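Letter by letter, the chains look like this.
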Number of protein chains: 2
Amino acid sequence: MRLPLQAWSREYDRTILAQDLAAAVIVTLMLIPQSLAYALLAGLPPEAGLYASILPLVAYGVFGSSRTLSVGPVAVLSLMTASTLGQLQLEGVHYLNGALALALMSGGWLLLFGLLRLGFIAHFISHPVMSGFISASALLITLSQLGPLLGLRLEGHPLLALPEALRQWSAIGHATLAISVVSLLWLLWARKGLRTLLLRLGLGAGLAGALVRLSPALLVVAGIGISELFGLAALGVAVVGDVPAGIPGWSWPRWSELPWPQLVLPSLLLALVGFVESVSVGQTLAAKRRQRISANQELIGLGVSNLAAGLSGGMPVTGGFARSVVNFDAGARTPAAGIYTAIGITLAGLWLAPWLGALPKTMLAATIVVAVLGLVDWRQFFHTWRYSRSDFTALCLTFLLTLLVNVEIGLLTGIVASLLLHLYHSYRPHWAEVGLLEGTEHFRNRLRHRVTLSPSLLCLRVDESLYFANAGQLEDIVATLVSLRPEVRHLVLQCSAVNRIDASALDSLLMINERLKLAGIGFHLAEVKGPVMDRLQQSPLPEKLNGRVFLTLYQAWLQLSPAELDYVI
Amino acid sequence: MRLPLQAWSREYDRTILAQDLAAAVIVTLMLIPQSLAYALLAGLPPEAGLYASILPLVAYGVFGSSRTLSVGPVAVLSLMTASTLGQLQLEGVHYLNGALALALMSGGWLLLFGLLRLGFIAHFISHPVMSGFISASALLITLSQLGPLLGLRLEGHPLLALPEALRQWSAIGHATLAISVVSLLWLLWARKGLRTLLLRLGLGAGLAGALVRLSPALLVVAGIGISELFGLAALGVAVVGDVPAGIPGWSWPRWSELPWPQLVLPSLLLALVGFVESVSVGQTLAAKRRQRISANQELIGLGVSNLAAGLSGGMPVTGGFARSVVNFDAGARTPAAGIYTAIGITLAGLWLAPWLGALPKTMLAATIVVAVLGLVDWRQFFHTWRYSRSDFTALCLTFLLTLLVNVEIGLLTGIVASLLLHLYHSYRPHWAEVGLLEGTEHFRNRLRHRVTLSPSLLCLRVDESLYFANAGQLEDIVATLVSLRPEVRHLVLQCSAVNRIDASALDSLLMINERLKLAGIGFHLAEVKGPVMDRLQQSPLPEKLNGRVFLTLYQAWLQLSPAELDYVI
């Protein structure tokens, strides 16, 4: 196997090094608050986030195929981790144990799929399903941060957080509330206002954008300073608490204490969601620089990353959207930028850990809320409704079940529903009687175009591959058409939209041929595709056919239609 | 709702009456041994078979849409009943109770599907799956009759019947063996030899055929006579035993004593198999007389029949293939023939019951074996292998799992496998670069035909509806083609085989459009089907398209290809 590392390391020079280093500094500053926040969101101690931002980045740097993807903890996987472990009612060390197992198992799935070259599995989550899932997840994440933001302990389903918070209104600490409001206002203003300000101060668009992304880091620095200065912890403001300084050690889940068979499905879903999210941002960024990424290599890269996360006390990771865009915009050229980021996080873990403990949790909650709010995509509901009702159904099912039941059920139902809806469409195929478009050799639906028809020649186009679920429909369509048109002498089936004919549909064609023969009507095929014709040659149909196979429908028309009888409808 | 009865009863006259009566006599004589045999096959007392041949026939006569279908117990449903109840380890009255519940529940499913107008569900069992299921069932039934044929009690899976029989060889009674051999020889000879003999004696083909079908009835009469004469029961030959004389009473399962939730899935499968078998024979016979049957009305007819069977002490019923053909050949014109048959069976139950008890069971086993052996269709394996490997996979999976595990698992796996195989084919679509066929306006695959290509115009045909599972592939195909052909200025997607574009594929098309625009390549669509175009008009694609939508690919060719540059490949 050839590693992607081998490709980019040969052309590595000082210019690229400088660009990668600059990007790594910015991404490191962005990743420190994110990794802490997503660890807390997953219900894990803050250092799990830091540890998940070291070895996994190095592993992806070696095995991943995207040059600018920034791997690490992301919001949606943290939510899924919390949801899975919460349902198993694991606590304390068992909860940590479960997170390690989830990272290892989803890494195992990804690596397995990569080695089996199953990169296409990403396509089995349709865009509407993914969109519904992400929107619902973002809402759940936002609601789940209401507790930390208000300094309250809100138990139960996140949807009940708001009424529960109102009930406990009197228990809210004023200091916590003040910090929340200021943090949220700063972060929200930074997204638009700060950028405008920096541009007005004469900074370049790229640099201004990067500095805006550092607003959470600035918040963290300010938060630690204020917390230490005013002793916020003593005023009842929840702080992050002790973060052990040092580098991650070797870890391995104690499987015997885990209900690990119950983690098989959740870890598969984690792997799928992480892969779909990562591969789509990776592709978008690669396309901007005319590079390609390999889905199978991505599976291997993310797989090894998650194994590394599980083995070094981390949590499930994948390529984050916002962070990867920052990495790209900041000028990262190779995956080495990710490795430098890992070094940066290691240094942060060694030197900054003692300071991080004083950070108010509410600031991390504010960071999370502002990061995920943009993920709720209401317009997608509207667009999908306009374009396709069945995609809309899948979108809403996924959204509602994710929100109301849980992330696993929501996602699984969405996947299954979209497959069933696809099948549903093909079982009752669209068909049209076609006629000749005047002045061309082209045939179109008589109901939509002004075409020439022949009374004795019936040209039928069926817009679907013929297979067991719709083969019977074809028999019905032919029987109905022929019974309505007693003057018909020949029926031509235009097969331009028939991409496959399975054994059941072959039986139906033989049956149609037999019935038409009894009725004295010729049965012809036209525009049969190469692969379909190859297949039919292996069957008794060509021999039994009460008619011919024409290369084009126009040739059939010339041969079978008595020209003087043509009339126009 | 209009009953089918209302249609045919108005035109009923003395000629039709005579024809229906003649057919009813022959079918009654055929049905008596069959109903006893299939009841024993299902593990039920013989009268259950008789009861299932009375009220259900009347019910079908009123509600069914086929004019010649002969409803009653059939071999495959009896096997499925025995398999289901055997797995639940029900015994004695609980077993009878279970059979009534199965009939009622499958009747309920059928009626429900009929009222919901879900007649298409029959199509979700593909022909290869049904064929594999029937072949395996016929083998299982044959093996299960080895015990009765040899007068042995063979426990365990039917596949072990042969070695088990060899182990118990010494216990075989000579009288039983002699009766078996003679019965089998008679029935097998009757199928060909008797027919030839009767034809040679000057009988018409129809009458000879009908008389051949009565060979089991003759066997039964002879068997009862010999049994009474020689006191076979005393010689150790197993006989049917007491058959209570009289008409069936009202019955209702004691649900509280039943694990009925475990019957939900088996009853659904019973309903499906019964419906598929019945509707296919019904359609074949109707087509011969240019009649039509309605799948939804058939569901209602069979549903009410099964409800009647469950309420009158019977067992699951459907339209039997061989019996319906006899009914048709013997001249039945309306469902009244079925009602006369029901009267015949009632009279048989009243007057013949005391005699039936002396009938050797081995003769019924011989009847079953000869009836089902013809259902094993080895040629189908060969034909399907030649035509389609994926249909062959579904066929073999169904056959093997039905044989080795059980009928439910076999059938379910077959259904699911054929759906998955269908999806598998569409996720990696066939595509072709097409060129102009000389002297026509038609475009075909450059690899299969001698066509004219243009260096600056790339015409791409994708042979599949575009949906979430294959949308990514399209992006890859376009990216690869364009990167290989730097001189291309326009790309036309020929959509003649694209029957649907879902929201995910729409995103892919927008993405392709965006990338081609950046590369300075025009992106055009041609031959978009009406319903697909209607849908696209609701999307941002037409507005954003970096090119045009052409009615035909030939028009696109005329507009976009600089004629002097054409070359032939």
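Residues numbered from 1 in each chain as written. Chains lettered and ligands numbered in written order. Predicted model: local features only at pLDDT ≥ 70, side-chain atom pairs only at ≥ 80, totals over all residues. Heavy atoms only, no water.

An unreviewed UniProt entry lists chain A under the name Sodium-independent anion transporter, with Zobellella taiwanensis given as the organism. Its UniProt record gives chain A the following Subcellular location (unreviewed entry) comment, quoted word for word: "Membrane". (UniProt positions renumbered as here; feature names shortened; annotations may be inferred.)

**Focus on the interface of chain A and chain B**
How big an interface is tends to be stated in terms of the accessible area lost upon association of its parts. If you look at the interface, chain A gives 66 residues, while chain B gives 66 residues. Counting each side, the surface lost to burial between chain A and chain B is near 6,200 Å², with a carbon and sulfur contribution of 55%. The tally of links from chain A across to chain B stands at six salt bridges. Note that Asp 463 of chain B and Lys 529 of chain A form a salt bridge whose closest N and O atoms lie 3.0 Å from each other. For the interface between chain A and chain B, the tally reads 25 residue pairs in polar contact (both at pLDDT 80 or more). Only α7 (127-144), α19 (378-387), α21 (407-427), β3 (430-437), β6 (457-463), α22 (468-484), α23 (503-518) and α24 (530-536) of chain A provide two or more residues apiece to the side of chain A that touches chain B. Counted by class, the side of chain A that touches chain B contains 23 nonpolar, 24 polar and 19 charged residues. (Contact = heavy atoms within 4.5 Å. Buried area = accessible area lost by both parts, 1.4 Å probe. Salt bridge = Lys/Arg side-chain N within 4 Å of Asp/Glu carboxyl O. Polar contact = N/O pair within 3.5 Å; in protein donor to acceptor, adjacent residues only side chain to side chain. Helix = DSSP H or I, 4+ residues; strand = E, 2+ residues; numbered from the N terminus. Nonpolar A, V, L, I, M, F, W, Y, C, P; charged D, E, K, R; others polar.)

**Comments concerning the pattern of salt bridges**
A pair can form between side chains of opposite charge whenever their charged atoms are brought close. All names here are of chain A. One pass over the full model with this rule turns up 22 salt bridges over all chains. For the salt bridge of Asp 463 with Arg 461, the shortest nitrogen-to-oxygen distance reads 2.8 Å. In this structure Arg 461 comes out as buried when scored by relative accessible area, which is 6%. Glu 487 is paired through a salt bridge with Arg 485; the nearest N and O atoms lie 3.4 Å apart. Under the relative-accessibility criterion, Glu 487 is labelled partly exposed at 35%. Residue Arg 485 is classed as buried on the basis of its relative accessible area of 12%. It is possible to trace a salt-bridge network through shared partners that takes in Glu 433, Arg 446, Arg 485 and Glu 487. (Buried < 20%, exposed > 50% of the residue type's maximum accessible area, 1.4 Å probe, protein only.)

**Focus on the pairing of strand β8 (residues 522-526) of chain B**
All names here are of chain B. Taking burial as the measure, the five residues of β8 include five buried ones, the bulk of the element. The side-chain alternation of β8 yields two buried faces, one formed by Gly 522, His 524 and Ala 526 and the other by Phe 523 and Leu 525. Bridge count between strand β7 (residues 490-494) and β8: five bridges; the pairing is parallel. Paired with Leu 491 across the bridge in β8 is Phe 523. Note that the unit made of β7, helix α23 (residues 503-518) and β8 has a crossover that is right-handed. Bridging between β8 and strand β9 (residues 549-550) involves two bridges; their strand directions are parallel. Residue pairing for β9: Leu 525 is matched across the bridge by Val 549. (Pairing = 2+ DSSP bridges. Right-handed = clockwise from strand over helix to strand, strands pointing away.)

**So, the domain arrangement of chain A**
Domain assignment breaks chain A into domain 1 (19-419) and domain 2 (428-568). Taking only C-alpha atoms into account, the centre of domain 1 of chain A sits 55 Å from that of domain 2 of chain A. (Domains from an automatic or database assignment.)

**Overview of the confidence of the model for chain A**
Close inspection of predicted coordinates is inappropriate in any region flagged by low pLDDT. Residues and elements named next belong to chain A. Across chain A, the average pLDDT comes to 88, with 98% of residues at 70 or higher. Summarising per-element confidence for chain A, the mean pLDDT is lowest in strand β10 (residues 567-568) (46) and highest in strand β8 (residues 522-526) (95). When the criterion is pLDDT under 50, residues 564-569 qualifies, and its contacts beyond four places in sequence or with other chains add up to 18 contacts. Both scores are available for the predicted complex, with the pTM at 0.75 and the ipTM at 0.77. (pLDDT = per-residue confidence, 0-100.)

**Considerations on the relation of the copies chain A and chain B**
You can overlay chain A on chain B at an RMSD of 0.1 Å; the transform is a turn of 180 degrees with a shift of 0.0 Å along its axis. These values place the two chain copies in the arrangement generated by a two-fold rotation axis. Among all C-alpha atoms of chain A, that of Ala 497 of chain A lies closest to the rotation axis, at 1.9 Å. When the interface residues of chain A are mapped onto chain B, 100% of them are again interface residues, pointing to one common binding face. (Least-squares fit on C-alpha atoms with pLDDT ≥ 70 in both.)

**As for the packing of helix α2 (residues 14-41) of chain A against helix α16 (residues 336-351) of chain A**
Residues and elements named next belong to chain A. In contact at an axis separation of 8 Å, α2 and α16 are set at 45 degrees when each is read in the N-to-C sense. Classed by the angle they form, the pair α2 and α16 counts as oblique. For the crossing formed where α2 meets α16, the hand is right-handed. Across from Leu 17, Asp 20, Leu 21, Ala 24, Val 27, Thr 28, Leu 31 and Ile 32 in α2, the residues of α16 making contact are Ala 336, Ala 337, Tyr 340, Thr 341, Gly 344, Ile 345 and Ala 348. Here the contact of α2 with α16 is composed, by residue class, of 11 nonpolar, three polar and one charged. (Axes fitted to C-alpha atoms, helices over the stretch in contact; angles between N-to-C directions. Parallel < 35°, antiparallel > 145°, perpendicular 65-115°, else oblique. Left-handed = near helix turned anticlockwise from the far one by under 90°.)

**What to know about the packing of aromatic side chains**
Applying the stated criterion across every chain yields a total of 20 aromatic pairs over all chains. Note on Trp 186 of chain A and Trp 189 of chain A: the rings are 6.0 Å apart at their centroids and 35 degrees apart in plane angle, and the pair reads as tilted. Within this pair, Trp 186 of chain A and its partner Trp 189 of chain A are both found in helix α10 (residues 174-200), separated by three residues, close to a single helical turn. Relative to Trp 255 of chain A, the ring of Trp 252 of chain A lies with its centre 6.0 Å away and its plane at 75 degrees, an arrangement referred to as edge-to-face. Following the ring pairs from residue to residue traces out a cluster consisting of Trp 378, Phe 381 and Phe 399 of chain A. Sitting above the plane of the Tyr 387 of chain A ring, Arg 535 of chain B keeps its charged end 5.9 Å from the centroid. (Phe/Tyr/Trp six-rings, centres within 6.5 Å; stacked < 30°, edge-to-face > 60°. Lys NZ or Arg CZ within 6 Å of the ring centre and 35° of its normal.)

**Considering the UniProt feature "transmembrane region" (unreviewed entry) in chain A**
Residues and elements named next belong to chain A. Within this numbering scheme, the UniProt entry marks residues 21-42, 96-120, 132-151, 171-189, 263-287, 337-356, 363-380 and 392-421 as carrying the feature "transmembrane region" (unreviewed entry). In the segment residues 171-189, helix accounts for 84% and strand for 0%; the C-alpha atoms at its two ends are 28 Å apart. Counted over residues 263-287, helix gives 96% and strand 0%. Its end C-alpha atoms are 35 Å apart.

**Description of the side chain of Thr 334 of chain B**
Residues and elements named next belong to chain B. Residue position: Thr 334 is located in the loop between α15 (321-329) and α16 (336-351). By relative accessible area, which is 2% here, Thr 334 ends up buried. A distance of 2.6 Å separates a polar atom in the side chain of Thr 334 from a polar atom in the side chain of Asp 20. Those residues within four positions of Thr 334 in sequence are excluded, and the remaining contacts are Trp 8, Tyr 12, Ile 16, Asp 20 and Arg 67.

**Regarding the pairing of β6 of chain A**
Residue and element names in this part refer to chain A. In terms of burial, β6 is a largely internal element, seven of the seven residues being buried. Going residue by residue along β6, you find Leu 457, Cys 459, Arg 461 and Asp 463 tucked away on one face and Leu 458, Leu 460 and Val 462 tucked away on the opposite face as well. The pairing of β3 with β6 spans four bridges and is classified as antiparallel. Paired with Ala 432 across the strands is Arg 461, a residue of β6. Where β6 and strand β7 (residues 490-494) come together, five bridges link them in parallel fashion. Looking across to β7, one finds that Arg 461 is bridged to Gln 494. Considered for its hand, the β-α-β crossover made up of β6, α22 and β7 is right-handed.

**Observations concerning empty space enclosed by the protein**
The full count for this structure, using the stated rule, is 10 cavities of 30 Å³ or more. By volume, the largest cavity amounts to about 360 Å³. Forming the boundary of the largest cavity are 27 residues, of which His 442, Gln 494 and Glu 527 of chain A together with His 442 and Glu 527 of chain B lie nearest the centre. Across the lining of the largest cavity, the residue classes tally to eight nonpolar, nine polar and 10 charged. Taken as a whole, the second largest cavity encloses approximately 140 Å³ of empty space. Around the second largest cavity, the lining is made up of 14 residues, and of these Ser 390, Asp 391, His 422 and His 425 of chain A together with Asp 502 of chain B lie nearest the centre. For the lining of the second largest cavity, the leading source of residues is α21 of chain A, giving four residues. In terms of residue class, the lining of the second largest cavity is made up of five nonpolar, five polar and four charged. (1 Å grid on protein atoms, 1.4 Å probe; cavity = no way out; pocket = protein on both sides within 12 Å on 5 of 7 lines; lining within 4 Å. Points joined across faces, edges and corners; volume = space filled by probe spheres on them.)

**Overview of the environment of Lys 192 of chain B**
Examined against the element boundaries, Lys 192 of chain B turns out to sit in helix α10 (residues 174-200). In the structure, Lys 192 of chain B is positioned 118 residues away from Val 74 of chain B in sequence and 23 Å away in space, judged by C-alpha atoms.

**Considerations on the UniProt feature "domain: STAS" (unreviewed entry) in chain A**
UniProt tags residues 447-560 of chain A as "domain: STAS" (unreviewed entry). Along residues 447-560 of chain A the backbone is 46% helical and 19% strand, and the end-to-end C-alpha distance reaches 22 Å.

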